[in-house]
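# A look at the structure
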Amino acid sequence: MRHLFFLLSVSVLFFALSGCTTKDGASPGPSKPVLTASFQPGVYPDAGYDGLKDTTIANGTDSNKNHGACADLELTAYATGRVTRTLLKFDLGTEIPSGATIKNAHISFHSPLITNNPSFIVMKLPKTWTEGEGNCSGYLAPGLENGATWNDAVPGSSAWDAPGSGASVNAADPKTVSTTGEFTLDLYASTVQSWLDSPADNHGIILRLQDEAPATDVRLYIKSKESGEAAERPKLVVEYTEP
């Protein structure tokens, strides 16, 4: 009886395994491990990484000023009508192999200042832009490179499609931040997948407040790549599987 039971058990197992096939009739292979790649200026993938560019653009009297060398990035909207937006672009280089599948991605930020629970949206930038070397006041010393402004992606040669960037394609769901310190922004996997599949079309993202005409001032400051504290600089983390 034990022998018969053993034979029946083996038969059931055999038929169960033989039924595990893919659509084309082939047996599925083992699942691919999910790997992680991180990008942070001066830290990841190594201390030599300098593949992030970031800046703030502002409207009004600052619409032709660049802030590419400022240690803080700004997303603000004032009751006076002044608005600032933040631009970022991470270069993935060759850290993630071509043909990989992006599973998840997020950016970690550090905020030193928040007022009135800012909510912001994130969109893919539509064209190439330059970071520039303007300071936090938008002052550009002689010999330094001018960069993106409210009006221009590349001053002197390429205006935005519309003032403020003309971006229209979402790169992530809206995000609300309530406290200072570190917070994370989840990007759409498809956003980073497009950067990997077509590096020439990776122009980065723009962060802007959902309500840019508030009754009271709304502010969100973020530490930039120029921060003296490496751990506070924006950090992109990507989870992927190899081809």
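Preceding this section is the structure that the text describes.
Below or above, wherever it landed, is the structure these notes cover.

The subject of this paragraph is the pattern of salt bridges. Throughout the structure, instances matching the rule amount to eight salt bridges. The shortest N-O distance in the salt bridge between K225 and D50 comes to 3.3 Å. Of the two residues, K225 is situated in the loop between strand 13 (218-223) and strand 14 (235-241) and D50 in the loop between strand 1 (35-39) and strand 2 (52-58); the sequence distance between them amounts to 175 residues. When its relative accessible area of 15% is taken as the criterion, K225 is described as buried. Within this structure, D50, E131 and K225 form a network of salt bridges that share partners.

On to the packing of aromatic side chains, then. As enumerated under the stated definition, the model contains three aromatic pairs in all. When the centroid spacing of 5.4 Å and the interplanar angle of 35° are considered together, the rings of F109 and F183 count as tilted. Here F183 lies in strand 11 (residues 181-187) and F109 lies in strand 5 (residues 101-111), a separation of 74 residues in the sequence. Like F109, the residue F183 is buried in the burial classification. A network of ring pairs unites the aromatic residues F109, F120 and F183 as a single cluster.

Summed over the entire model, instances satisfying the criterion amount to one disulfide. Two residues, C70 and C136, share a disulfide whose sulfurs are 1.9 Å apart. Handedness of the C70-C136 disulfide follows from its S-S torsion of about 95°: it is right-handed. Taken together, the residues span a long stretch of sequence, with C70 in the loop between strand 2 and strand 3 (72-77) and C136 in the loop between strand 7 (119-124) and strand 8 (152-154) at a distance of 66 residues. Judged by its relative accessible area of 5%, C70 falls in the buried class.

In terms of nonpolar packing, the biggest core is built from 50 residues, with F39, I96, F120, L187, I205, L207 and L236 touching the most fellow members. The residues touching L187, leaving out its near neighbours within four places in the chain, are A105, H106, I107, A171, A172, V192, W195, I205 and L236.

This next bit is on the environment of K235. Tracing the chain through its elements places K235 in strand 14. Here the alpha-carbon distance between K235 and S38, two residues 197 residues apart in the chain, equals 7.0 Å.

Before going further, it helps to examine the environment of V154. Looking at where V154 falls in the secondary structure, it is placed in strand 8. In the structure, V154 is positioned 22 residues away from G132 in sequence and 9.1 Å away in space, judged by C-alpha atoms. Excluding residues within four positions of it along the chain, V154 makes contact with T128, W129 and T130.

Parameters at a glance
Residues numbered from 1 in each chain as written. Predicted model: local features only at pLDDT ≥ 70, side-chain atom pairs only at ≥ 80, totals over all residues. Heavy atoms only, no water. Salt bridge = Lys/Arg side-chain N within 4 Å of Asp/Glu carboxyl O. Helix = DSSP H or I, 4+ residues; strand = E, 2+ residues; numbered from the N terminus. Buried < 20%, exposed > 50% of the residue type's maximum accessible area, 1.4 Å probe, protein only. Phe/Tyr/Trp six-rings, centres within 6.5 Å; stacked < 30°, edge-to-face > 60°. Disulfide = S-S within 2.5 Å. Core = buried A, V, L, I, M, F, W, Y, C linked by side-chain atoms within 4.5 Å. Contact = heavy atoms within 4.5 Å.

Any functional reading would require information beyond the geometric quantities listed.
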